[in-house]
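# Inside the fold
Read off the chains here:
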Amino acid sequence: MPVDVGGRTFKTKTALENELKRISKIPSEVAQNQPFLLACVTCYSKVQDAIADVDGCLTGVTCGPNPAKAQYGTGTNVYCLQAQIKGLGEPMCMSSDYIARSVVSRASADAVRARRPVATKIEKLRDAVQPQIADFKDSARGNSWACNGCQSPLNDLIPAFRHVDHTGGYEFRHLKNEYARIHHNGDVTQIDTTAFATFHAQNARLQMLCIHCNVRKKRKAQDTYVSDNPLALARPTKPGASS
Ligand SMILES: [Zn+2]
């Protein structure tokens, strides 16, 4: 999962850690990258605790020798990033590894928090169109009551095996995304459930499927999911998997 911090994106936690390590050895880089470093370091719980302890604030990030490592290390390897905290007697040495870890865990917590309202809204939208699904099932019962895939008679099946399905280009997720795109700049959480139910009634194309055809369709959709999922393209490619 890519990591966004301080206006920059890193493919992995290790990539971020390596960049922090690189910067920490060059004082001029440390000075030039202050906004980025501050964004990273403010995620670090050790720094947050220290700030709370002294009721201070983070005034900058510098680099210097880490006394703990200086005893046995040499050269630039003993250099580390240091948090300058107002109220704290001396700069706080930080490990690039731990800073990167803190950034990643903050980023994934943010991602979970951002996803939760979307999932809740989708549940509400599904509930809102449930009466339409039930109505369709009732009306279909009166007509040719057969699976739209294999044409087998649905009367032979128990109710749980008779499924109402959105057809091809009008899957539920397409309708939901399209509505959000038209009315709310793509923000699903802003959708009004009643208004969406109307939109769904006008645009959804429903069909009856037997459980076998519906499962087969879902499995097929899963297989092609990667190719029509734009997020899949943003994922870092595995090392060695050159195209
Ligand atoms: Zn069928």
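Residues numbered from 1 in each chain as written. Predicted model: local features only at pLDDT ≥ 70, side-chain atom pairs only at ≥ 80, totals over all residues.

What follows is about the overall build of the protein. The number of helices and strands found in the protein is 10 helices and seven strands. For the protein, the proportion of its 243 residues judged to be buried stands at 19%. Here the analysis covers contacts within the protein between residues at least 6 apart in sequence; of these, 66% occur between residues at least 24 apart. (Helix = DSSP H or I, 4+ residues; strand = E, 2+ residues; numbered from the N terminus. Buried ≥ 20, exposed ≤ 12 C-beta atoms within 10 Å, placed from the backbone. Contact = placed C-beta atoms within 7 Å.)

Turning to unusual backbone geometry, a few remarks are in order. One non-glycine residue, aspartate 55, lies in positive phi territory at about 50°. Turning to its location among the elements, aspartate 55 is positioned in the loop between α4 (45-54) and β3 (57-65). The exposure class assigned to aspartate 55 is exposed, which follows from the 8 C-beta atoms found within 10 Å. The backbone phi angle of asparagine 185 is positive, close to 55°, even though this residue is not glycine.

Take the nonpolar core next. Ranked by size, the top nonpolar core spans 25 residues in total, and within it Cys40, Val41, Leu81, Ala83, Met94 and Ile99 carry the most contacts. Mapped by element, the contributors of at least two residues to this core are α1 (13-24), α3 (34-41), β3, β4 (79-86), β5 (92-94) and α6 (96-142). For this core, the element with the most residues is β4, which contributes five residues. (Core = buried A, V, L, I, M, F, W, Y, C linked by C-beta atoms within 7 Å.)

This next bit is on α1. For α1, built from 12 residues, the straight-helix expectation of 16 Å at 1.5 Å per residue is met to within 8% by its first-to-last C-alpha distance of 16 Å. Listed in full, the buried residues belonging to α1 are Leu16, Glu17, Leu20, Ile23 and Ser24. Summarising the axial view, the buried residues of α1 lie within an arc of 130°, below the 170-degree limit, and thus occupy one face. Structural note: α1 exposes Thr14 and Arg22 on the side pointing more than 90 degrees away from its buried face. (Expected span 1.5 Å × (residues − 1). Arc of directions from axis to C-beta.)

Bringing the environment of threonine 193 into the picture now. You can see threonine 193 is positioned in helix α8 (residues 193-203). Separated by 69 residues in sequence, threonine 193 and lysine 124 place their C-alpha atoms 6.9 Å apart. Every residue in contact with threonine 193, bar those within four places of it in the chain, is listed here: Lys124, Leu125 and Ala128.

Positionally, alanine 195 belongs in helix α8. Given 12 C-beta atoms within a 10 Å radius, alanine 195 is considered exposed. For the pair alanine 195 and alanine 128, spaced 67 residues apart in sequence, the C-alpha to C-alpha distance is 9.6 Å.

Of all eight residues in β4, six are buried, a share of seventy percent or more. Of the strand pairs in this sheet, β4 and β5 are connected by three bridges, and their pairing is antiparallel. Bridge pairing links glutamine 82 to cysteine 93 in β5. Turn length for the β4-β5 hairpin, with the two strands adjacent in sequence and antiparallel, is five residues, and the turn residue glycine 87 shows positive phi of about 100°. (Pairing = 2+ DSSP bridges.)

With antiparallel pairing, the three strands of this open sheet are ordered in space as β3-β4-β5. Lying at the two open borders of the sheet, with one neighbouring strand each, are β3 and β5. The mean inter-strand angle of the sheet, taken between neighbouring strand axes irrespective of direction, is 35°. Together, β3, β4 and β5 form the strand contacts of α4, whose direction differs from that of β4 by roughly 30°. (Axes fitted to C-alpha atoms, helices over the stretch in contact; angles between N-to-C directions.)

In terms of burial, strand β7 (residues 206-210) is a largely internal element, four of the five residues being buried. Where strand β6 (residues 162-166) and β7 come together, five bridges link them in antiparallel fashion. Paired with arginine 162 across the bridge in β7 is cysteine 210.

In this section: the confidence of the model for the protein. Chain-level pLDDT for the protein is 84 on average; 86% of the residues reach the 70-or-more range. Overall, residues 226-243 carries pLDDT values under 50, and its contacts beyond four positions in sequence, including any with other chains, amount to four contacts. (pLDDT = per-residue confidence, 0-100.)

In a packed pair of helices, the relevant descriptors are the angle between the two axes and the axis-to-axis distance. Relative orientation of the contacting elements α1 and α6 amounts to 140°, with a least axis distance of 9 Å. Relative to α6, the element α1 lies oblique. Crossing angle aside, the handedness with which α1 passes α6 is right-handed. Together, Lys13, Leu16, Glu17, Leu20, Lys21 and Ser24 of α1 and Ser96, Asp97, Ile99, Ala100, Arg101, Val103 and Val104 of α6 make up the contact between the two elements. Considered class by class, the residues forming the contact of α1 with α6 number six nonpolar, two polar and five charged. (Parallel < 35°, antiparallel > 145°, perpendicular 65-115°, else oblique. Left-handed = near helix turned anticlockwise from the far one by under 90°. Nonpolar A, V, L, I, M, F, W, Y, C, P; charged D, E, K, R; others polar.)

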